[in-house]
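Overview (structure and organization)
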2 protein chains.
Amino acid sequence: MSNPEPAAQPPPQVSHRGRSAAPIASSNAEGEEVPEFDSFGIIGPRGPPPLREFLDIWDVNMLRRPDEVNTPQHSTHLYASDHLIVRRGQEFQLKVTFDRPYKPSDDQFAVEFVIGGSPQYSKGTYIPVSVAKDRQSPWAGRVVDSTDNVVTVGITPAPDCIVGKWRTYVAVVTPYGIRRTRRDESRDLYVLFNAWATGDSVFLDDADEREECVLNEVGVIYHGAYDDMSERPWNFGQFDYGVLDACLFIMDKAAMPITNRGDAIKVARKASAMLNSHDDDGVLVGNWSGDYTYGVAPTSWTGSTEILLNYSSSKTPVCYAQCWVYAAVFNTFLRCLGIPARVVTNFFSAHDNDGNLKTDVILDENGRIDKHRTKDSIWNYHCWNECYMSRPDLPQGFGGWQAVDATPQETSDGIYRCGPASVQAIKHGQICFPFDAPFLFAEVNSDVVFYSRNPRDGTLEPVKVNSSHVGRMVVTKVPGQDARRDITDQYKFPEGSPEERTVLEKAEEYGCHREKATPPEADVELDMPLMEVRVGDDFELKLEFNNTSDQARTVDVYVSGNVVYYTGVTSSEFLFKTPRVILDPKKGRRTKHILSHLCVHSQDYMRKLVEQANLHFIATGKVKETGQIITSMRVVTLHTPKLSVEVSGLAKVSEEMMVTVEFTNPFKFNLEDVYVRVEGPGVMPPKYKHYSLITAGSSLTWTEGVTPRRAGPTKLMASLDCAALRQVYGQAQLTVKP
Amino acid sequence: MSNPEPAAQPPPQVSHRGRSAAPIASSNAEGEEVPEFDSFGIIGPRGPPPLREFLDIWDVNMLRRPDEVNTPQHSTHLYASDHLIVRRGQEFQLKVTFDRPYKPSDDQFAVEFVIGGSPQYSKGTYIPVSVAKDRQSPWAGRVVDSTDNVVTVGITPAPDCIVGKWRTYVAVVTPYGIRRTRRDESRDLYVLFNAWATGDSVFLDDADEREECVLNEVGVIYHGAYDDMSERPWNFGQFDYGVLDACLFIMDKAAMPITNRGDAIKVARKASAMLNSHDDDGVLVGNWSGDYTYGVAPTSWTGSTEILLNYSSSKTPVCYAQCWVYAAVFNTFLRCLGIPARVVTNFFSAHDNDGNLKTDVILDENGRIDKHRTKDSIWNYHCWNECYMSRPDLPQGFGGWQAVDATPQETSDGIYRCGPASVQAIKHGQICFPFDAPFLFAEVNSDVVFYSRNPRDGTLEPVKVNSSHVGRMVVTKVPGQDARRDITDQYKFPEGSPEERTVLEKAEEYGCHREKATPPEADVELDMPLMEVRVGDDFELKLEFNNTSDQARTVDVYVSGNVVYYTGVTSSEFLFKTPRVILDPKKGRRTKHILSHLCVHSQDYMRKLVEQANLHFIATGKVKETGQIITSMRVVTLHTPKLSVEVSGLAKVSEEMMVTVEFTNPFKFNLEDVYVRVEGPGVMPPKYKHYSLITAGSSLTWTEGVTPRRAGPTKLMASLDCAALRQVYGQAQLTVKP
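Think of each chain on its own: its residues are numbered from 1, step by step along the sequence as written. Chains and ligands are labelled by the order in which they are written, letters from A for the one and numbers from 1 for the other. Selection of residues for local features in this predicted model requires a pLDDT of at least 70, selection of side-chain atom pairs for listing and counting requires 80 or more, and totals for whole chains, interfaces and linings are taken over all residues. The basis for the side-chain values is all heavy atoms of the structure; hydrogens and waters are excluded.

A pair can form between side chains of opposite charge whenever their charged atoms are brought close. All names here are of chain A. One side-chain nitrogen of Lys or Arg within 4 Å of one carboxyl oxygen of Asp or Glu is enough to make a salt bridge. A complete count under the given rule lists 70 salt bridges over all chains for this structure. Glutamate 91 serves as the salt-bridge partner of arginine 142, at 2.7 Å between the closest nitrogen and oxygen. Here arginine 142, found in strand β7 (residues 140–147), pairs with glutamate 91, found in the loop between β3 (84–87) and β4 (92–98); they are 51 residues apart in sequence, far enough to count as distant. Under the relative-accessibility criterion, arginine 142 is labelled partly exposed at 40%. When salt bridges that share partners are traced, they join Glu209, Arg342, Glu386 and Arg485 into one network. Per the convention used, a helix needs a DSSP run of H or I reaching at least four residues, while a strand needs a run of E reaching at least two, with both numbered from the N terminus. Think of it in three bands: with a 1.4 Å probe and only protein chains considered, a residue is buried below 20% of the maximum accessible area for its type, exposed above 50%, and partly exposed in between.

Turning our eyes to something else, we now look at the UniProt feature "active site" (unreviewed entry) in chain A. Residue and element names in this part refer to chain A. UniProt positions are given in the numbering used here, feature names are shortened, and annotations may be inferred rather than shown by experiment. Under the present numbering, the feature "active site" (unreviewed entry) in UniProt falls on Cys323, His382 and Asp405. These residues run over 83 residues, yet every pair of their C-alpha atoms falls within 9.8 Å of each other. Tracing the sequence through the fold places cysteine 323 in helix α6 (residues 323–337). The buried category is assigned to cysteine 323, whose relative accessible area is 0%. We call two residues contacting when some pair of their heavy atoms lies within 4.5 Å. Setting aside chain neighbours within four positions, we find cysteine 323 in contact with Trp288, Trp379, Tyr381, His382, Cys383, Thr407 and Tyr566. The topology assignment puts histidine 382 in strand β18 (residues 378–389).

Quick look at the packing of helix α3 (residues 243–253) of chain B against helix α5 (residues 305–314) of chain B now. Residue and element names in this part refer to chain B. Lines fitted to C-alpha atoms define the axes here, with helix axes fitted over just the stretch in contact, and angles between the N-to-C directions of these axes take values from 0 to 180 degrees. Viewed as axis vectors pointing N to C, α3 and α5 meet at an angle of 50 degrees, and their least axial separation amounts to 9 Å. In this view, α3 runs oblique relative to α5, as classed from their interaxial angle. Between α3 and α5 lies a crossing of left-handed hand. Between α3 and α5, the contacting residues are Val243, Ala246, Phe249, Ile250 and Lys253 on the first element and Thr305, Leu308, Leu309, Tyr311 and Ser312 on the second. Three classes are used: nonpolar for Ala, Val, Leu, Ile, Met, Phe, Trp, Tyr, Cys and Pro, charged for Asp, Glu, Lys and Arg, and polar for all others, with Gly counted as polar. Its residues assigned to classes, the contact of α3 with α5 comprises seven nonpolar, two polar and one charged. Under this scheme an angle from 65 to 115 degrees is roughly perpendicular, one under 35 degrees roughly parallel, and one over 145 degrees roughly antiparallel; angles in between are oblique. The hand of a helix crossing depends on one turn: near helix anticlockwise from the far one by less than a right angle means left-handed, and clockwise means right-handed.

Quick look at the pairing of strand β40 (residues 725–736) of chain B now. Residues and elements named next belong to chain B. Across the 12 residues of β40, nine count as buried, placing the element largely inside the fold. Note: strand β39 (residues 712–722) against β40, 10 bridges, orientation antiparallel. Its bridge partner being in β40, cysteine 722 is matched across the sheet by leucine 725. The antiparallel hairpin formed by β39 and β40 contains two residues in its connecting segment. Here a strand pair is declared whenever DSSP counts at least two bridges between the two strands.

All names here are of chain B. Across the seven residues of strand β8 (residues 150–156), five count as buried, placing the element largely inside the fold. The sheet contact formed by strand β4 (residues 92–98) and β8 spans six bridges and is antiparallel. Bridge pairing in β8 places phenylalanine 92 opposite isoleucine 155. Between strand β7 (residues 140–147) and β8, which pair antiparallel in sequence order, lie two residues; one of them, aspartate 148, sits at a positive phi of approximately 50 degrees.

Residue and element names in this part refer to chain B. Two cysteine sulfur atoms form a disulfide, by the criterion used here, when they sit within 2.5 Å. Using the criterion set out here, one finds zero disulfides over all chains in the structure. In this structure cysteine 161 is a free cysteine whose sulfur lies 16 Å from that of cysteine 336, the closest cysteine sulfur available. With a relative accessible area of 6%, cysteine 161 lands in the buried category.

Here we take up the sheet that holds strand β22 (residues 460–466) of chain B. Residues and elements named next belong to chain B. Pairing is mixed in the open sheet, where three strands are placed in the order β17-β21-β22. Two strands bound the open sheet, and with one partner strand each, they are β17 (358–363) and β22. Within this sheet the neighbouring strands show an average axis-to-axis angle of 30 degrees, counted without direction. Bridge analysis of strand β21 (residues 447–453) against β22 gives six bridges, and the strand direction is antiparallel. The partner of serine 452 across the bridge, within β22, is glutamate 461.

Residue pairs three or four apart in sequence face the same way in an α-helix, which turns once every 3.6 residues. All names here are of chain B. Of all 11 residues that make up α3, eight are buried, and the element is covered over most of its length. Regarding α3, the residues found buried are Val243, Leu244, Ala246, Cys247, Leu248, Phe249, Ile250 and Met251. Buried residues along α3 sit against β3 (84–87), β9 (164–173), β11 (189–192), α4 (264–274), α5 and α6 (323–337). Just downstream of α3 lies alanine 255, where phi reads positive at about 50 degrees.

Time to look at the sheet that holds strand β37 (residues 684–694) of chain A. Residue and element names in this part refer to chain A. Pairing in this open sheet of four strands is antiparallel, and the strands run β37-β36-β39-β40 from one edge to the other. Two strands lie at the open edges of the sheet, namely β37 and β40 (725–736), each paired on one side alone. Strand-to-strand twist of the sheet, defined as the mean angle between neighbouring strand axes without regard to direction, takes the value 15 degrees. With five bridges connecting them, strand β36 (residues 671–680) and strand β39 (residues 712–722) associate as antiparallel partners.

Residue and element names in this part refer to chain A. Secondary-structure assignment places threonine 620 in strand β32 (residues 614–623). Overall, the relative accessible area of 2% leaves threonine 620 in the buried class. For threonine 620, the side chain forms a polar contact with the main-chain oxygen of glycine 367, separated by 2.5 Å. With residues up to four places along the chain from it excluded, the contact list for threonine 620 reads Leu363, Gly367, Arg368, Ile369, Asp556, Val557, Tyr558, Ile630 and Thr631. Two N or O atoms form a polar contact when they lie within 3.5 Å of each other; inside protein one atom must be a possible hydrogen donor and the other a possible acceptor, and for residues adjacent in sequence the pair counts only when both atoms belong to side chains.

With that settled, the discussion passes to the side chain of arginine 180 of chain A. Residues and elements named next belong to chain A. Looking at where arginine 180 falls in the secondary structure, it is placed in strand β10 (residues 177–180). The class for arginine 180 is buried, based on a relative accessible area of 8%. Side chain to side chain, arginine 180 and glutamate 112 meet in a polar contact 2.3 Å long. Filtering out sequence-adjacent residues up to four positions away, arginine 180 remains in contact with Val34, Pro35, Glu36, Asp38, Glu112, Tyr126, Tyr169, Val170 and Ala171.

Looking now at the confidence of the model for chain A. Low pLDDT means the predicted atomic positions in that stretch should not be read closely. Averaged over every residue, the pLDDT of chain A is 88; residues scoring 70 or more account for 92%. The pLDDT value expresses, per residue, how confident the predictor is, ranging between 0 and 100. Note on residues 42–50 of chain A: pLDDT is under 50 here. Beyond four places in sequence and across chains, it has nine contacts.

Printed below as a string of structure tokens:
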């Protein structure tokens, strides 16, 4: 049969012929260029005059050196780049040298800026800037100074113009037509978002936050447990050589229409999709498996630079990331383009529930966890980003900080991206607005619901609802200091406040499903107090009972200790005890009963440790007299030994100094296949060393000579990483003298 | 160096280990099944009794035959399927035969329904239904009748339950544990959305629309021009054998989480992405190029069945589609799953402008179109779908018809899908709500802006704004009749009404950009009146001038005639004239001046015709005295010859009858490589024939014997398609007797 089956052929590429007149430019790369001569096709009124009469251009100087006028005024002096980098909505200057003095009365010239292929005036990709008083151009232009043959031109890119790499031309009008300068790469101009300009959608009216969220290269990412936090130092490196181009490449790789790139909302949303490799060959491959043989362990990275440069050079996704790596690199991307951004950490983050506000724990008849049927998990912590921008696409009041998340969660509108979602909207349950607000709302507001399962017909009965566990605390770094800031109140109203109830009801109106049942509170309370434990220690697990009734109570308790990934997924159980506890009736003041003979021996858990070394204890039980269920959860973050980073010699620009990283293996066992990494913005690029063996008790010392290239305060950050021991970090502060 | 560069390795697949406890089921296929015996692990109170005492199951009858109780009540009797198909939120019955009469007092059994892998009660993928009065299950169950050993059970799936293919079990409780029936495919149950059930989110409270938008298999798709419309008959075929499975396969192929498949919003959104092959190997490959060598020409299809069955069997995208094919197959998908849906056509549809409400036409100094710089185009028409559902994710008032579009437009939130967007929200400019409302708003509300370009500095000055051209008319089929219905007022308020202004201002608040300038109206009007022309005709193009001023006017007019794709993209210019017109001053009543000596000869355009045979005339000019610009546009749809379809013999179920398709080539040239297709729901499956040559003036006759398999009114639809002549359609009505 001559009419072929579709299956018989590979589906051909979609042709644009007949479909759209011009392909939409989706790259900073140049396409069809503006012609060097644009004929008017007519002869001037006075007939052909001698060419000499018209301006001839000798030179165009972009004034791009840090000691010249532009970069300090635009706070772009920190970028390591060969090109002029400015922020939109703010004037910059360039010098044009002609063959003779410029006569405003007779001479007519324009500075032209072009981005992407097939530039069009009406699409904002071709911008002619006239300096003549009478004409007004989309970007304001003026003559700042004109001496001898040199004209200094002031140009103010529109505060909503396209962000990216522009090409610069100067055009002179002759009676025959327009004569332009040749294409010259050195005149390429990078235009960024401008948090300093009131007209820009990312304007941030707080000097400290602006400094921190746009200009700070070093940061701290919090992890561990809300009541026992650990820190990761991070080098965002947004000013490092090549990073800006890498960020633009990410949008080019996504084939993002150039005309959308002035819109901070679209840029942030696109990036949240592109930072992960899912469905678009984006920047980072996620891996939570513990096996990082074919790449760098997520816990091993100390900064974003290496990752972004790898991606833009190899053009293939970089291995491997977990949530804080996604968030950190995303942060670099946003700050690099001039969008104020910060990394936030949410402790006990519900996930995958796509607007379902429940995380289910299934217990059997006796109150013991049914591991087979309990499929949900709660992340001990989850990192995402906030970026600051107005939201013209939403009603008043939802501008400001917007949550975005590049970690590939299962379900965010079906593909792997999330946000921007207005934090204000999340706080007030106004989750009907784009993008992905219900998903983020669930991450901080879900309930943990304990069900008791009836084996006879498989039905589940809710026996306890814990509404304060998830979203226990949201933190970020304080601007200008290495201190943390609790911003939970920006996401939620206080636990149990009337506002909180209203918000949850509002969210339900928008389709968030909650557990309606409110099982009676047990009259016995169970708690596991905080313990600070170092990796390799033996310790005692405490159970604190509190009988609030007037009768004695008998409780059969199931205590389970597990090694878990930070995603809350259980790796293996290393402890299981089923003590029976008899509690005296409460008299006068409450009677605390403390059960503390549960010894945890390091050899029980050390063999089973997975990265991030979290021990997860859950105690559940049934009160014999009342049949009520009691539960308690405790995450113990095992503290890792420190890595020492020291600097010797005078820290001075262009003068060599010494950096020493030291570590001693405190364990009774050997560490094998160890990677040590160190880097410092302005001081040293990312470097690492591999040690095949660090025997028990022995030490390593690594000394490097480095030469600071920039003055000012900075940090050196180091990490040590091997299968048996991860997230060992160290850092050193220093101030480089000019 | 032993630490490999990411570039050195292919990025490994993301592992779920440590990432999530259980993979999220994303297919109807079975995974880990419920066990045949679920032990309680304890001995019953009375010690082990003889098994005989407990119910033994002999048979489970799903009552799935059309003459049995279920399918007529659920309006699913039309589906050609071996399984029971019901709609959720409405009771269906099944019969369980035991080894002895059922004793409610002692016996305990449950009917269990399971979907996807690793079924979970709390995720709604494992549903045990108890018939006992005291227990209530997520799906209501009751004993309808119990005679001898046979119990008739009534089951009502929850009105928000997962839509798809469920597996059925019957479980009996014994003291040892639960005994289940073996897996039996014949008991699989398809649960659909239910437009008849008040509790369902797709409930449609209008019997006629419900009948049309869920149950009607044949439809009409409008195209051509708003004032000279053509029709395409289409066989949606949602009840044809295998189509329902193909629709479920589409969601499986998209790996759509099974837990989302009860949500009509998510299902419609996912499908809008999956119906096109872009970024997800979806159903249809778009092709607007005119070259369809490796597949079926979009104009050749007569129904959806062939496309969907091809896709589900080959699992690769089907070639080729243009907008009405996407809309028609999407319509089949929605109706097949029980979501009320219809195809709408928007005449003069702006596209690709992503919330920018302007389509730019650039004129040179003399008022002639600058083809090189005019890059935008307006589709002569564009088809999308509307589906009916409540919008719990939005504030009150935005439920009802939702616009969805599966045609891969350039920019809809960055990927190829669009909607659902509330039509109410579009009409009122409330485009801040998901999904993609700004995009759809622009398709019906954009302005056509004519710019005059200043060659000296490249700036553009708006000289005319046409705000009534785009979104000229939106139509769909009238329920129950082959007539069209103008639903423009559901998308927009009347042109020039105060409400219209308010809406446009509201939309601008949400970031839609419009042309602010309002250039003065010219005092000379230009119009090109409607012409009805058949392919191959010569005709005269009329230009109607109207001088509303008291002085004489001189106009230099540029008339350009082009063959265009229906996407508005110009293929080639076949006519260009530049008449000068002198207009007398207006006296008393207006003076019409008609210019009608512009002859269009068929040989000028025939050679250049592309599919859909649209001639696009645009006349622009400059009034000498005032410098004002006048413009007018006219699309001439060339009418194609008809295809005759005739039926002979008695149309009776299971009795052969004859279908004859006839066509005569009316042209002076030969038609080569011609495909003729015919199909009819319930009468004949899609068939086609290839004719290598139909010489000028000659005829073809194709007669087929067919055997109707279903009684009732239906249609036979035929198309004829070849490179030189496309969209030739014919149809025949008939009523098949039982």
